[in-house]
Amino acid sequence: MSLLPVYGHESTLARLGSAAVSGRLPQALLLSGPPGTGKQRLALWLGQALLCQQPARGPCGRCEDCRLAGNLTHPDLHWFVPIARPKAGDAAKQAEEARDLIGEVLAERRSTGRWSRPDATNGHWLASVRLLQRIAALTPYRGRRKVLVLGDAERLVVQEANLEAANALLKVLEEPPADTTVILTAGEPGALLPTIRSRVVPIRIGRVPDDVVRRFATEALDPAPSGAALEKAVVAADGRIGRLVDVEGRTDLASRARGVLEAAAAGPARWAETALRQPPWGARGDFAGMLDAMTVELRQGLVAAAGEHDADRLRRTLSALERVEAVRETLGTNVNPQLALAVLARDLERVA
Ligand SMILES: [Zn+2]
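This text gives an overview of the structure that appears in the document. Keep in mind it's a predicted model, so treat the numbers as computed, not measured.

We now examine the pairing of strand β1 (residues 28-32). Burial analysis of β1 places five of its five residues in the buried class, which makes it a mostly covered element. Burial of β1 is two-sided: the residues A28, L30 and S32 facing one way and the residues L29 and L31 facing the other way are all buried. Bridge count between β1 and strand β4 (residues 180-186): five bridges; the pairing is parallel. Paired with S32 across the bridge in β4 is A186. Two elements, β1 and strand β5 (residues 201-204), share four bridges in a ladder whose sense is parallel.

In structure tokens form, the structure reads like this:
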């Protein structure tokens, strides 16, 4: 599935597109602006323009390079997304693990053409930056350029290993190979280390007008909201299309969470079937999101049970909450989400 087109930002596209086509685009850029304004989508569009065979103020959209970039399969367009912390012992294995985890997230984004905010525990670890460094040094696969996009760059985790991750990234930004463009995106540039900020050309990405948000909601959301619901969504988005997608993602997680809780209460046959029917947990962040959604559901249950003075339900809901939170805590380690869900459902059945 292709990525959804860029909505709005016409003057930015015109300016960056013509710079890319005429070879005047700086090699290290930082797109910054409020969350949900489409910075990563713009970075990918820019990557497509840089790789396009016949660009004209932007990607032509028809050549082989455009097609590959548009469905996230271009071998010279590398998108680094926040991931769970790699657990492997040595550095080489960690970089491999980071590559696999990033691959899982991208496979999911490829299948839907959209994405939500990554789980709060995900980051760009030293392993990811080492991988980026290695790719920057490689010859482009299709012979022209490489584009490296580092999304949510403020998730660069620099506490560990004496700023090693930041230093590795700095090296790439300082002297990118001539055939390489690096595009960082960040919600707040202030969250980046000053040393990184000083090596990139900043580009501010702002909100889009309400009529662009409305057009996106009508064309890209399924089901598309209409009438009062549409207007409410437009107001809530506040010029940020990503917010609409985020709400959609959260709603989806909440309904999946309810499904698991109901299935657990209905006995082994139901929860086993539900666990098997779950879509693959491509990104582990997704699984963490669903556990969080289960926590929210259970807390609401607690409030209701307390209101009804139902001591038995209160006790059962508390036990369930404890079990969900125990699984949530193991997520930093190499847990298999499907297996964890099956075990959790069995435990929840016992307390139901
Ligand atoms: Zn093209």
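In this section: the layout of surface pockets. In this structure, the second largest pocket spans a volume of roughly 600 Å³. What lines the second largest pocket is a set of 31 residues, and nearest its centre among them are G36, T37, G38, W115 and G242. Elements with a contribution of two residues or more to the lining of the second largest pocket: α2 (39-51), β4 and α10 (241-265). If you tally residues by element for the lining of the second largest pocket, the top one is α10, at five residues. A class-by-class count of the residues in the lining of the second largest pocket yields eleven nonpolar, ten polar and ten charged.

Rules of the game
- Residues numbered from 1 in each chain as written.
- Predicted model: local features only at pLDDT ≥ 70, side-chain atom pairs only at ≥ 80, totals over all residues.
- Heavy atoms only, no water.
- Buried < 20%, exposed > 50% of the residue type's maximum accessible area, 1.4 Å probe, protein only.
- Helix = DSSP H or I, 4+ residues; strand = E, 2+ residues; numbered from the N terminus.
- Pairing = 2+ DSSP bridges.
- 1 Å grid on protein atoms, 1.4 Å probe; cavity = no way out; pocket = protein on both sides within 12 Å on 5 of 7 lines; lining within 4 Å.
- Points joined across faces, edges and corners; volume = space filled by probe spheres on them.
- Nonpolar A, V, L, I, M, F, W, Y, C, P; charged D, E, K, R; others polar.

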